Number of protein chains: 2
Amino acid sequence: MSQTKNKMKRIETCLSPELLHLYNLQGKNVLIVDIFRATTSMISALANGVISIRPFRSLEECEAMKHEGFIIAGERDGKKVESFDLGNSPLSYLNHTFSNRKIAMTTTNGTLAIDAVKAIANKVLIGAFINLNATIEYLKNQEEDLVILCAGWKGKFNLEDSLYAGAIAYFLSKDYTTDCDGTLAMKSLYQFNQNNIKAFLANASHTKRLQNQNIEADIDFCLSYDIFDVIGLVKDGEIIAQQS
Amino acid sequence: MSQTKNKMKRIETCLSPELLHLYNLQGKNVLIVDIFRATTSMISALANGVISIRPFRSLEECEAMKHEGFIIAGERDGKKVESFDLGNSPLSYLNHTFSNRKIAMTTTNGTLAIDAVKAIANKVLIGAFINLNATIEYLKNQEEDLVILCAGWKGKFNLEDSLYAGAIAYFLSKDYTTDCDGTLAMKSLYQFNQNNIKAFLANASHTKRLQNQNIEADIDFCLSYDIFDVIGLVKDGEIIAQQS
């Protein structure tokens, strides 16, 4: 075994994109999570045959991709942008409707986070509960340290993304060590609430925001474990699927 | 009962001073916490007869107060500033050594947080485990919404301050409601770890940092419940004691 392989890998958790400047991402893998609903939608799309997803910061840039043959998906404040093909519901990507198409996507929190890290990190991964185990298996085989970046909600900490970070740290505790307080906190929070995730998250601010939009089916789907076995990876600025 | 009294008060938790701009503090009470060790030291000092503590951002401003008869207390990166009378050990404030004196204090995280909020908030309180119950009793009788501001560590989330926020939310859950994810997360984390705080915090980054300085007695003291029954309040830019 090489020295590198013997060295215990480390996990850190950045609980909000507003804290990202405090983390050194150089040479590390970054796992981005926006459970409700950007990264869940991305994994759903990739698992159902979408070729790739290109994230955009602005609605205008994203909309312009329509003329290049892209499906355009846009969400602001949890709602579909009217003129766009798709919003941010993971359910709309199921059943291979968009197989062999490319998607251009812009969301309130998730795509911003991807844009911020892709130039610096070693690998950028896209995380969701619906492919949790696949991502864990992939990360077991990586040699780099890991930073989990929670997309949060408009800069604030959010419960579902940080609980996902806790799940990753919990299931990887034999493979990665941590001295990051955010990771330790969320690992413990996940450990105590793991059999009860949906009930625990029923109080979360974002769950309530989504419930007001009558998208209980989306919430339910976003909190389901291991529906798909693909992982999401950023390559050349686009998110693609890879078998773990 | 007036309408105001019937309205359920709300708690929010700001997990790092770097996120403070996302919170509206106007007309709210703000409870500032820096368990290791600024706010624990402040409460210790007040409970032992210190007249008031004036917080300073810079070492230079703080040091200048020596000529005005103040005891000067300074800490950077967890260590006492050499030329100062005192560092940041709560134990150094016990036994009435500084009774009837005024202290000028500057610390890595805690005093910065106080300075940032005192001009905007309704009341600014200083929190620690050593006066947890006194602070809870005081807050029960307040009518304003509450924002708990965790001092963190150089902008990052830290475990001991956020766990204290969780304790406050947990013990005030009959008096205050919350839809803040940070508060919900920390309340649950506290609930599950409340009988085990010292062991749980043994892994925290700041505990390890302090253990390297051989100040286990400080850590132990900072994590003790209800040693004192005074609360700490900011009045005219100085922290003073008040019976709850």
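Summarised in this report is the structure supplied together with it. These numbers come from a predicted model, not from an experiment.

## Quick look at the interface of chain A and chain B
And then number 1: Each partner contributes to the interface: chain A provides 29 residues, whereas chain B provides 29 residues.
And then number 2: Around 2,300 Å² of area is buried between chain A and chain B when both sides are counted, 65% of it from carbon and sulfur atoms.
And then number 3: Area buried by chain A at its contact with chain B is led by Lys156(A), Phe157(A) and Asp181(A), which between them contribute 25% of it.
And then number 4: The tally of links from chain A across to chain B stands at 2 salt bridges.
And then number 5: Among the salt bridges present, the one from Lys156(B) reaches Glu12(A), with a minimum N-O distance of 3.9 Å.
And then number 6: At the level of elements, helix H6 (159-171) and helix H7 (181-193) of chain A are the ones that each hand at least two residues to the side of chain A that touches chain B.
And then number 7: Ranked by the residues each element gives to the side of chain A that touches chain B, the list is headed by H7(A), at 9 residues.
And then number 8: A class-by-class count of the residues in the side of chain A that touches chain B yields 13 nonpolar, 9 polar and 7 charged.

## A few points about the pairing of strand E6 (residues 102-106) of chain B
All names here are of chain B.
And then number 1: Taking burial as the measure, the 5 residues of E6 include 4 buried ones, the bulk of the element.
And then number 2: For strand E4 (residues 71-76) and E6, the ladder comprises 4 bridges, and the chain directions are parallel. Within E6, the residue paired with Ala73 across the bridge is Met105.

## Regarding the relation of the copies chain A and chain B
And then number 1: Between chain A and chain B, the superposition needs a rotation of 180° and an axial shift of 0.0 Å, giving an RMSD of 0.0 Å. Classification of the inter-copy transformation places it as that of a two-fold axis. Closest to the rotation axis within chain A is the C-alpha of Leu189(A), separated from it by 2.8 Å.
And then number 2: A shared interface surface links the copies, since 100% of the contact residues of chain A are contact residues in chain B too.

## Considerations on the pattern of salt bridges
And then number 1: Within the structure shown, the criterion is met by 18 salt bridges over all chains.
And then number 2: One salt bridge in this structure joins Glu12(A) and Lys28(A), with 3.2 Å as the shortest N-O distance. Pair noted here: Glu12(A) is in strand E1 (residues 9-14) and Lys28(A) is in the loop between E1 and strand E2 (29-33), with a separation of 16 residues, a long-range link.
And then number 3: Residue class for Lys28(A) comes out buried when judged on its relative accessible area of 14%.
And then number 4: Connected through salt bridges with shared partners, the residues Glu12(A), Lys28(A) and Lys156(B) form a single ionic network.

## Some points on the nonpolar core
And then number 1: Leu159(A), Ile168(A), Leu159(B) and Ile168(B) are the most contacted members of the largest nonpolar core, which totals 84 residues.
And then number 2: If we ignore the near neighbours within four places in the chain, the residues touching Leu159(A) are Leu189(A), Phe200(A), Leu201(A), Ala204(A), Asp181(B), Leu184(B) and Ala185(B).
And then number 3: Formed by 72 residues, the second largest nonpolar core is a distinct cluster that contains Leu46(A), Ile114(A), Phe228(A) and Met105(B).

## As for the packing of helix H5 (residues 132-140) of chain A against H6(A)
Residues and elements named next belong to chain A.
And then number 1: Contact geometry of H5 with H6 gives a least axis separation of 10 Å together with a crossing angle of 50°. Taken together, H5 and H6 sit at an angle that is classed as oblique. Note on packing geometry: the crossing formed by H5 with H6 is right-handed. Residue-level contacts link Leu132, Thr135, Ile136 and Leu139 of H5 to Tyr164, Ala167, Ile168 and Phe171 of H6.

## Topic: the side chain of Asp161(A)
And then number 1: Structurally, Asp161(A) can be placed in helix H6.
And then number 2: Residue contacts for Asp161(A): discarding those within four places in its chain leaves Val33(A), Asp34(A), Ile35(A), Phe36(A), Cys150(A), Ala151(A) and Gly152(A).

## A word on the environment of Cys150(A)
Residues and elements named next belong to chain A.
And then number 1: Secondary-structure assignment places Cys150 in strand E8 (residues 146-150).
And then number 2: Between the C-alpha atoms of Cys150 and Ser188, which are 38 residues apart in sequence, the distance is 17 Å.
And then number 3: Those residues in contact with Cys150 that sit more than four places away from it in its chain are Thr13, Cys14, Leu15, Ser16, Pro17, Val33, Asp161, Ser162 and Ala165.

## Thoughts on the environment of Thr177(A)
And then number 1: Looking at the element boundaries, Thr177(A) is found in strand E9 (residues 176-177).
And then number 2: Thr177(A) sits 166 residues away from Ile11(A) along the chain, and the two C-alpha atoms are 6.3 Å apart.

## A closer look at the side chain of Asn158(B)
And then number 1: Position of Asn158(B) among the secondary structure elements: in the loop between strand E8 (146-150) and helix H6 (159-171).
And then number 2: Within polar-contact distance, the side chain of Asn158(B) engages the backbone oxygen of Gly152(B) at 3.4 Å.
And then number 3: Other than its neighbours up to four places away in sequence, Asn158(B) contacts Asp181(A), Gly152(B), Trp153(B) and His206(B).

Here is what the cut-offs are and how they apply
- Residues numbered from 1 in each chain as written.
- Chains lettered and ligands numbered in written order.
- Predicted model: local features only at pLDDT ≥ 70, side-chain atom pairs only at ≥ 80, totals over all residues.
- Heavy atoms only, no water.
- Contact = heavy atoms within 4.5 Å.
- Buried area = accessible area lost by both parts, 1.4 Å probe.
- Salt bridge = Lys/Arg side-chain N within 4 Å of Asp/Glu carboxyl O.
- Helix = DSSP H or I, 4+ residues; strand = E, 2+ residues; numbered from the N terminus.
- Nonpolar A, V, L, I, M, F, W, Y, C, P; charged D, E, K, R; others polar.
- Buried < 20%, exposed > 50% of the residue type's maximum accessible area, 1.4 Å probe, protein only.
- Pairing = 2+ DSSP bridges.
- Least-squares fit on C-alpha atoms with pLDDT ≥ 70 in both.
- Core = buried A, V, L, I, M, F, W, Y, C linked by side-chain atoms within 4.5 Å.
- Axes fitted to C-alpha atoms, helices over the stretch in contact; angles between N-to-C directions.
- Parallel < 35°, antiparallel > 145°, perpendicular 65-115°, else oblique.
- Left-handed = near helix turned anticlockwise from the far one by under 90°.
- Polar contact = N/O pair within 3.5 Å; in protein donor to acceptor, adjacent residues only side chain to side chain.

By themselves these figures say nothing about function.
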